[in-house]
Amino acid sequence: GHGDYTGWEMSFDSNAVRNLTNYGMFSFVASHACLTGNFGQTEVFGETWVLQENKGALAYWGSSTYSYWDEDDILERRAFDSLFGSGYPDVSISTMTNAGLGAVETTYPSSARYYWETYNILGDPALRLFPQEHPQPPQLSIAKSGAPERVEAGTRLQYTLTVNNSGGAATGVVISDTLPANTIFAEAGQGGLLQGSTVVWQGLTVPAGGALSVSYGVTVTCVASGTHIVNDGYRVAAAEWPTPTSGLPVTVTVVSEGVVADFSAPNPVAVNWPVPFTNLSRNATGYRWAFGDGAFSSVAHPTHAYSDLGVHTVTLTATNLCDSAVVSRVLSVEDFALALTPTTESRSGDPGQTVTYTLRLTNTGTLSDVFRLTRGSTSWATALSTDTVALEVGESAAVEVSVTVPANAAGGSQATVQVTARSLSDPRTPPAQATATLTTRANALYGVGLGAGITQQAAEAGTVVTYTLRVTNTGNVVDTFVFTRTAAGWPTVISPAQQKIARGGWRTVLVRVTVPSGATAEMPPDVAVIRAVSQGDPARMAEVALTTRAVGYRVYLPLLLRGGS
């Protein structure tokens, strides 16, 4: 730009330099303008910069006579390129000067000597500059939101203050808000404290490009409808933003409609069940509940469990700083209950047989109800006659449970099933319920089978005949069988005389019959009836008949005839 002995053309002169307040912060001034570095003056403009104590400039670079646009353009570009583009962090002023003037000499040779002589350094040419990025200062603004257009006298008014930062990071942020007239401080969030009549938040940080919100509440005093609550005393400042910034005024109009008390609750309710009460009151800040059983609460939406059946009157008193109202409602406390009898029962049945139990379900509560019946897990087939029963108070109904004993069940084996009835109307967890435990046992069945592969044999007198019998346990329990010959006859030995056999198992039994020594073929055969008798049930038996014959031999003597003479 243009300059002269005492300043620059933008009305910035030596007195402006003397009035600078950059104490302790020293600049390097590059003046591409005419005459500002002239040596012939007692104190030229460039000298004023470097003569200021603890401020002004450490060095001034300027022209002692006239300078020109084209040459200056080359000079300043090359000089500052050497500072910011050389890759060296500590370029001296003399290096910048030589680089700029060298470029002018190369580009405009005819102006080279002129420029080498007219541009001078006022200050130390060995001064080195260290370029670095300085943090961007914050740019803070503050606004208030959340306040309604109208507020009831005696109630709470909540303010939210939001600080936006469109610049660099802000530290040591302080937010303050003076309480509006006709209000009483109630509370502050985010660490806010009341100092006199002002709510203050201190030591906050707002990141670059970020935002921060704080809130506090006041109670509106008992003023007339139409009174304006004006809040215009809130502001923000920071260590890097020392001058506070204020927000626009926020105005709320006071109305005086009075407190309306109201609530809702389920009715009837179950005994020992937490009853939720919904507060429907308007324009209130405080509440007192009386539940009618000697219990009280001050929370807005309480829950309460009644331990006694019957009718209870619930009363809600709603208040604010200026008014109060009362509402009462009758609540009926009922019970959901049931009985399932008998609670335990045991029966037995033969394998393959279905055993039927009859349970009685009774509604012992104080309200009509619907009950769901289910059975637990069991290994035997089990069925319920119904799974849903509706009963009035005191009414009962029969429910049949059928259990089928498996066809292959062992005697004495058993299965247990638990039948549960639950209330479908009971809101409690778990709901009212009752159980019955049914145990079914398989009867012990006894049976025996007896057979032989060979039932008839013949032998010589004096010899022993052996029969092999197969005895089978046809019952469903382990059993012991005793073997006997039912009637007298030829000598007979049974081995073994008894056998213990698992259910469904079999064993062999040997029967030895001795043919008497005097027996002949002409004699009747011996018939041995062998009987197997169950020891578990002696009425269960089986028999097999074994027939043994004697074999005889004929002796023929030759007849010799003597002839006469």
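Residues numbered from 1 in each chain as written. Predicted model: local features only at pLDDT ≥ 70, side-chain atom pairs only at ≥ 80, totals over all residues. Heavy atoms only, no water.

(A) Structural context of the environment of Val515. Following the sequence through the fold, Val515 ends up in the loop between strand 45 (506-514) and strand 46 (526-534). C-alpha of Val515 to C-alpha of Ser246: the two residues are 269 residues apart in sequence and 136 Å apart in space. Other than its neighbours up to four places away in sequence, Val515 contacts Ala459, Glu460, Ala461, Gly462, Thr463, Val465, Trp490, Thr548 and Ala550. (Helix = DSSP H or I, 4+ residues; strand = E, 2+ residues; numbered from the N terminus. Contact = heavy atoms within 4.5 Å.)

(B) Region of interest: the side chain of Thr162. Summarising the element assignment, Thr162 is placed in strand 11 (residues 156-165). At 2.9 Å, the side chain of Thr162 and the side chain of Ser213 are in polar contact. Apart from the residues lying within four places of it in its own chain, the contact partners of Thr162 are Ser141, Ile142, Ala143, Leu212 and Ser213. (Polar contact = N/O pair within 3.5 Å; in protein donor to acceptor, adjacent residues only side chain to side chain.)

(C) Structural context of the state of the cysteines. Applying the stated criterion to the full structure yields one disulfide. Linked covalently through their sulfurs, Cys222 and Cys322 form a disulfide whose S-S length is 1.9 Å. As the torsion about the S-S bond is roughly -105 degrees, the Cys222-Cys322 disulfide counts as left-handed. You can see Cys222 sitting in the loop between strand 16 (211-220) and strand 17 (228-231) and its partner Cys322 sitting in the loop between strand 28 (310-319) and strand 29 (324-334), a full 100 residues away along the chain. The class of Cys322 is partly exposed, set by a relative accessible area of 33%. (Disulfide = S-S within 2.5 Å. Buried < 20%, exposed > 50% of the residue type's maximum accessible area, 1.4 Å probe, protein only.)

(D) Quick peek at the nonpolar core. Ranked by size, the top nonpolar core spans 47 residues in total, and within it Phe277, Trp289, Tyr306, Val314, Leu340 and Leu361 carry the most contacts. Leave out the neighbours within four places in its chain, and Phe277 touches Phe263, Ser264, Ala265, Trp289, Phe291, His301, Pro302, His304, Tyr306, Val314 and Leu331. Among the nonpolar cores identified, the runner-up in size contains 28 residues, and Leu140, Ala153, Val214 and Val254 belong to it. (Core = buried A, V, L, I, M, F, W, Y, C linked by side-chain atoms within 4.5 Å.)

(E) Layout of the pattern of salt bridges. Taken as a whole and judged by the stated rule, the model has 13 salt bridges. Between Arg113 and Glu117 there is a salt bridge, with the nearest N and O atoms lying 3.0 Å from each other. You can see Arg113 and its partner Glu117 sitting in helix 5 (residues 112-118), four residues apart, about one turn around the helix. The same class applies to Arg113 as to Glu117, namely exposed. As a salt-bridge pair, Asp537 and Arg540 come within 3.5 Å of each other at their nearest N and O atoms. The class of Asp537 is partly exposed, set by a relative accessible area of 24%. (Salt bridge = Lys/Arg side-chain N within 4 Å of Asp/Glu carboxyl O.)

(F) Quick peek at the pairing of strand 5 (residues 57-63). Of all the seven residues making up strand 5, six are buried; the element is thus mostly covered by neighbouring parts of the structure. Bridge analysis of strand 4 (residues 27-30) against strand 5 gives four bridges, and the strand direction is parallel. Bridge pairing in strand 5 places Ala30 opposite Trp61. Crossover handedness for the path strand 4 to helix 2 (residues 45-51) to strand 5: right-handed. Pairing of strand 5 with strand 7 (residues 119-122), which is carried by four bridges, proceeds in the antiparallel orientation. Note that in strand 7 the partner of Tyr60 across the bridge is Leu122. (Pairing = 2+ DSSP bridges. Right-handed = clockwise from strand over helix to strand, strands pointing away.)

(G) Inspection of the sheet that holds strand 32 (residues 354-363) at higher detail. The antiparallel open sheet is built from four strands, whose spatial order is 30-32-36-34. Two strands close off the open sheet at either side, each with one partner strand: strand 30 (338-341) and strand 34 (382-384). Ignoring strand direction, the axes of neighbouring strands in this sheet form an average angle of 20 degrees. (Axes fitted to C-alpha atoms, helices over the stretch in contact; angles between N-to-C directions.)

(H) Layout of the side chain of Ser534. Within the secondary structure, Ser534 is located in strand 46. The class of Ser534 is buried, set by a relative accessible area of 0%. Polar side-chain contacts of Ser534 include one of 2.4 Å to the side chain of Asp479. In this structure the side chain of Ser534 is engaged in a polar contact, spanning 3.1 Å, whose partner is the backbone nitrogen of Gly536.

(I) Summary view of the sheet that holds strand 41 (residues 464-473). Here four strands make up an open sheet; going across it, the order is 39-41-45-43 and the pairing antiparallel. Since the sheet does not close on itself, it has two edges, and those belong to strand 39 (448-452) and strand 43 (492-495), each with one partner. For this sheet the average axis-to-axis angle between neighbouring strands, irrespective of direction, equals 25 degrees. Judged from the nine bridges that link them, strand 41 and strand 45 form a sheet pairing that is antiparallel. Along strand 45, the bridge assignment pairs Val464 with Thr514.

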